[in-house]
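An overview of the molecular structure
So you can see what is in the structure, the chains are spelled out below.
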Amino acid sequence: MTVCVIIPALNEAESIGVVLAAIPAGLAAEVIVVDNGSTDDTAARALAAGARVVREDRRGYGFACAAGVAATQADIMVFLDADLSDFPEEMAALLAPIQSGQADLVLGSRFLAGNLSRSVMPPQQRFGNWLASRLMQRLYRIPVTDLSPFRAVRRDVLLALDMREMTYGWPTEMMVKAARRGYRLTEIAVRYRARYAGRSKVSGTVRGALLAAYYILGTTLRYAWQ
Ligand SMILES: Nc1nc2c(ncn2[C@@H]2O[C@H](COP(=O)(O)OP(=O)(O)OP(=O)(O)O)[C@@H](O)[C@H]2O)c(=O)[nH]1
Ligand SMILES: [Mg+2]
């Protein structure tokens with residue numbers, strides 16, 4: 001099965017090259033950086049580091065991820081943030097359950113290892129992830145503990161989900177619709193660290209955190225009774 005790594009990026013010029021360099025060689029047939037209207041050198045640096053760059057001008061994490069999906073034919077897609085908060089080295093472990101036919105969607109969980117420090121994830125983000133995970137456990141009967149940006153999914157599964165949330169709700173929609181339709185979700189423990197450089201767009205800003213909470217909880221509830 002071919003693998004494509006999709007990295008949504010908005011003004012991540014300082015970190016994008018480091019992220020790309022940390023992706024294990026030989027794992028992915030293709031690496032796509034989706035430049036979401038950056039005003040810095042993100043696109044040029046991504047190109048220089050060997051990635052394919054796709055442009056998406058409609059602002060939003062979901063729009064960026066969807067543009068990456070539309071640009072590849074790979075059998076498995078891996079999503080990864082552009083700020084080096086995730087550990088791209090762990091990609092083989094994320095892919096394994098799909099490659100062995102045991103899962104359709106593999107979710108990184110930053111809490112499974114139990115050693116995430118407070119400085120890496122502020123209390124409000126920790127609480128938001130806990131609350132959304134508990135709701136998903138209750139409403140969808142899935143054993144999830146986190147909404148991590150590091151995920152892998154089979155292409156046919158993702159296309160079948162008919163994704164509609166094009167901003168902060170995108171990862172949530174993927175999880176709850178996959179659960180509703182009986183696909184197999186698996187979590188693996190992943191590590192997490194503070195962003196390498198640049199500015200936060202979501203959890204580190206009041207506006208971003210409130211919007212994320214609204215869309216994540218709204219999306220979790222929306223599909224619960226459908
Ligand atoms: N929120 C948001 N993120 C985008 C967008 N387009 C691309 N991204 C990327 O999505 C990823 C997540 O954004 P971050 O700012 O790291 O959000 P976060 O991880 O909650 O916040 P940090 O604590 O700063 O890491 C980054 O790789 C962004 O560059 C967009 O329109 N909105
Ligand atoms: Mg981040």
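Above this text sits the structure in question.
Residues numbered from 1 in each chain as written. Chains lettered and ligands numbered in written order. Predicted model: local features only at pLDDT ≥ 70, side-chain atom pairs only at ≥ 80, totals over all residues. Heavy atoms only, no water.

**Overview of the sheet that holds strand S1 (residues 3-9)**
Our working definition: The pairing criterion for strands is at least two bridges between them, as found by DSSP. Secondary structure is summarised from DSSP: a helix means a run of H or I of at least four residues, a strand means a run of E of at least two, and numbering begins at the N terminus for each. Only the stretch in contact is used when fitting a helix axis, every axis being a line fitted to C-alpha atoms; angles between N-to-C directions are given from 0 to 180 degrees.
With mixed pairing, seven strands are arranged side by side in an open sheet as S3-S2-S1-S4-S6-S5-S7. With partners counted over all chains shown, the strands left at the sheet margins are strand S3 (52-55) and strand S7 (185-189), one partner each. Between one strand axis and the next, the sheet turns by 25° as a mean value, whatever way the strands run. As defined by bridge partners, strand S4 (residues 76-79) adjoins strand S6 (residues 151-154) across four bridges and the pair is classed as antiparallel. Bridging from a neighbouring strand, Phe79 pairs with Arg151 of S6.

**Describing the pattern of salt bridges**
It is possible for side chains of opposite charge to pair when their charged atoms get near one another. Our working rule: Whenever Lys or Arg places a side-chain nitrogen within 4 Å of a carboxyl oxygen from Asp or Glu, that contact is recorded as a salt bridge. Burial here depends on accessible area, computed with a 1.4 Å probe over protein chains only, as a share of the maximum for the residue type. Under 20% is buried, over 50% is exposed, and the range in between is partly exposed.
Within the structure shown, the criterion is met by 14 salt bridges. Where Arg55 meets Asp57, a salt bridge forms, and the shortest distance between an N and an O atom there is 2.8 Å. The exposure classification of Arg55 matches that of Asp57, with both residues exposed. A salt bridge links Glu165 to Arg222; its shortest N-O distance comes to 2.5 Å. Of this pair, Glu165 sits in the loop between helix H6 (155-160) and helix H7 (170-180) while Arg222 sits in helix H8 (residues 206-222), and the two are 57 residues apart along the sequence. Through salt bridges with shared partners, a single ionic network connects Glu12, Asp83, Arg195 and Lys201.

**Regarding the side chain of Thr172**
As a reminder, the rule being used: A contact between two residues is defined here by any heavy atoms of the two lying within 4.5 Å.
Here Thr172 lies in helix H7. Excluding its chain neighbours within four sequence positions, the residues that come into contact with Thr172 are Met136, Leu147, Ile216, Thr219 and Thr220.

**Some points on the nonpolar core**
Note the threshold: Think of a nonpolar core as a cluster: buried Ala, Val, Leu, Ile, Met, Phe, Trp, Tyr and Cys residues, connected wherever their side-chain atoms sit within 4.5 Å.
Counting 37 residues, the largest nonpolar core has Phe79, Leu158, Trp170 and Met174 as the members making the most contacts within it. It is H7 that provides the largest number of residues to this core, a total of six residues. Those residues within four positions of Trp170 in sequence are excluded, and the remaining contacts are Tyr61, Gly62, Cys65, Ala66, Val69, Phe79, Arg151, Leu158, Met163 and Glu165. Counting 27 residues, the second largest nonpolar core, distinct from the first, contains Ala9, Val19, Leu80 and Ile188.

**Some words on helix H4 (residues 91-99)**
Quick note on the threshold: The reported arc concerns the directions from the helix axis to the C-beta atoms and nothing else.
Turning to H4, its buried residues are Met91, Leu94, Leu95, Pro97 and Ile98. Projected down its long axis, H4 carries its buried residues within an arc of 155°, all on one side. The inward-facing, buried residues of H4 contact S1, S4, strand S5 (105-109), S6 and S7. Once H4 finishes, Gly101 follows within two positions and takes phi at roughly 80°, a positive value.

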